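Descriptive analysis of the structure
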Amino acid sequence: MNKLRIEKKDIYEIEVNDNGDTITFDLADIGLVARGYEAIEKVTKKMQEIEEKEQELIKNNADEKEFSDLETKTFKELREIMDSFLGKNACQKIFGDRNYYDMYDDLFVEMSKPQEELGGKSHFEMLDMTSDGIKRRLIAKYGKTKSNEVI
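This write-up is about the structure you can find in this document. Because the structure is predicted, anything quoted here is derived from the model rather than measured. Sequence positions are assigned chain by chain, starting from 1 and proceeding in written order. Note on the predicted model: pLDDT of at least 70 is required for a residue's local features to be given, and 80 or more for side-chain atom pairs to be given and counted; whole-chain, interface and lining totals, by contrast, use all residues. Calculation of side-chain values draws on the structure's entire complement of heavy atoms; hydrogens and water are dropped beforehand.

Assigned secondary structure in the protein chain consists of six helices and two strands. Only DSSP runs of H or I covering at least 4 residues are called helices, and only runs of E covering at least 2 are called strands; the numbering of each starts at the N terminus. Each helix (α) and strand (β) of the protein chain, taken in turn from the N terminus, gives the series β-β-α-α-α-α-α-α. The proportion of buried residues among the 151 residues of the protein chain is 30%. The contact criterion used is simple: two residues touch if any of their non-hydrogen atoms lie within 4.5 Å. Considering only intrachain contacts with a sequence separation of at least 6, the fraction spanning at least 24 residues in the protein chain is 43%. Using a 1.4 Å probe, the Shrake-Rupley method yields the accessible areas, and only the shown protein chains count as cover for residues. Of the roughly 11,000 Å² that the protein chain leaves accessible, carbon and sulfur atoms contribute 49%. Note on classification: 1.4 Å probe, protein chains only; a residue is buried when its accessible area is under 20% of the maximum for its type, exposed when over 50%, partly exposed between these limits.

Attention shifts here to the packing of aromatic side chains. Two numbers describe a pair of aromatic rings. These are the distance of the centres and the angle of the planes. We call Phe, Tyr and Trp rings a pair once their centres come within 6.5 Å, taking the six-membered ring for Trp, and we label the pair stacked below 30 degrees between planes, edge-to-face above 60, and tilted otherwise. Overall, the coordinates contain five aromatic pairs when judged by the stated rule. Ring centres 5.4 Å apart and planes at 85 degrees place the aromatic pair Phe 75 and Tyr 101 in the edge-to-face group. Residue Phe 75 is located in helix H2 (residues 64-86), and its partner Tyr 101 is located in the loop between helix H3 (90-95) and helix H4 (103-112); the two are separated by 26 residues in the primary sequence. Under the relative-accessibility criterion, Phe 75 is labelled buried at 5%. Ring plane angle 85 degrees and centroid distance 6.3 Å describe the contact between Phe 95 and Tyr 100, whose orientation is recorded as edge-to-face. Here Tyr 100 falls in the partly exposed class, since its relative accessible area comes to 21%.

Right, let's get into the nonpolar core. Among the buried residues, those of types Ala, Val, Leu, Ile, Met, Phe, Trp, Tyr and Cys that are joined through side-chain atoms within 4.5 Å form a nonpolar core. In terms of nonpolar packing, the biggest core is built from 32 residues, with Phe 25, Met 82, Phe 85, Leu 86 and Tyr 104 touching the most fellow members. Only strand E1 (11-15), strand E2 (22-26), helix H1 (32-59), H2, H3 and H4 provide two or more residues apiece to this core. For this core, the element with the highest residue contribution is H2, accounting for eight residues.

Here E1 shows a buried face lined by Tyr 12 and Ile 14 and an unburied face lined by Ile 11, Glu 13 and Glu 15. In this structure, E1 lies alongside E2, joined through five bridges in antiparallel fashion. Of the residues in E2, the one forming a bridge with Glu 15 is Thr 22. Taken together, E1 and the strand that follows it, E2, pair antiparallel across an intervening segment of six residues, in which Gly 20 is found at a positive phi of about 85 degrees. Paired strands, as defined in this entry, are two strands with at least two bridges between them according to DSSP.

The subject of this paragraph is unusual backbone geometry. One non-glycine residue, Asp 10, lies in positive phi territory at about 55 degrees. In this structure, Asp 10 sits in the segment before E1. On the accessibility criterion, Asp 10 (37% relative accessible area) is partly exposed. Although it is not a glycine, Asn 89 sits at a positive phi angle of roughly 65 degrees. You can see Asn 89 is positioned in the loop between H2 and H3. We classify Asn 89 as partly exposed; its relative accessible area is 43%.

This brings us to the pattern of salt bridges. It is possible for side chains bearing opposite charge to pair when their charged atoms get close. By definition here, a salt bridge exists when the distance from a side-chain nitrogen of Lys or Arg to a carboxyl oxygen of Asp or Glu is within 4 Å. Tallied over the full model, the rule gives eight salt bridges. Put simply, Asp 69 and Lys 65 hold a salt bridge, and the shortest N to O gap is 2.8 Å. Of the two residues, Asp 69 and Lys 65 both sit in helix H2, four residues apart, roughly one turn of that helix. According to the relative accessible area criterion, Asp 69 is partly exposed, its value standing at 40%. Residue Lys 65 is classed as exposed on the basis of its relative accessible area of 55%. Measuring nitrogen to oxygen at the nearest pair gives 2.7 Å for the salt bridge that ties Lys 113 to Glu 110.

See below:
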């Protein structure tokens, strides 16, 4: 059988736990920024929804099982949302079986902190998760247009 493999370039890898597990980002993927912003928006919306639903449960004198069921369902959905950006099973690698309300805030804070081993840059800076960052990487890779003007 004939085979074809495309070499992956521009991969950014972060070790996320003491077991040596990593998450990787394809910096050449033009969908990376969109998935990142989409995940943040969806997580924010989902956290607002759970607060509203919890208030309804309180008003209706719901029992502990109803609260537990709501939280279990919501946090499963939140992990799926974040895994769509961070990669398959990334939340399990990062958080293990632990779920708590500020977990994604904690993750974003850590991703935003300057890291000595990164020359004082944060992981988000290394990902350069802006459309300008992607444009810069494309220019660096492909150079100039036919008219010799930088894209």
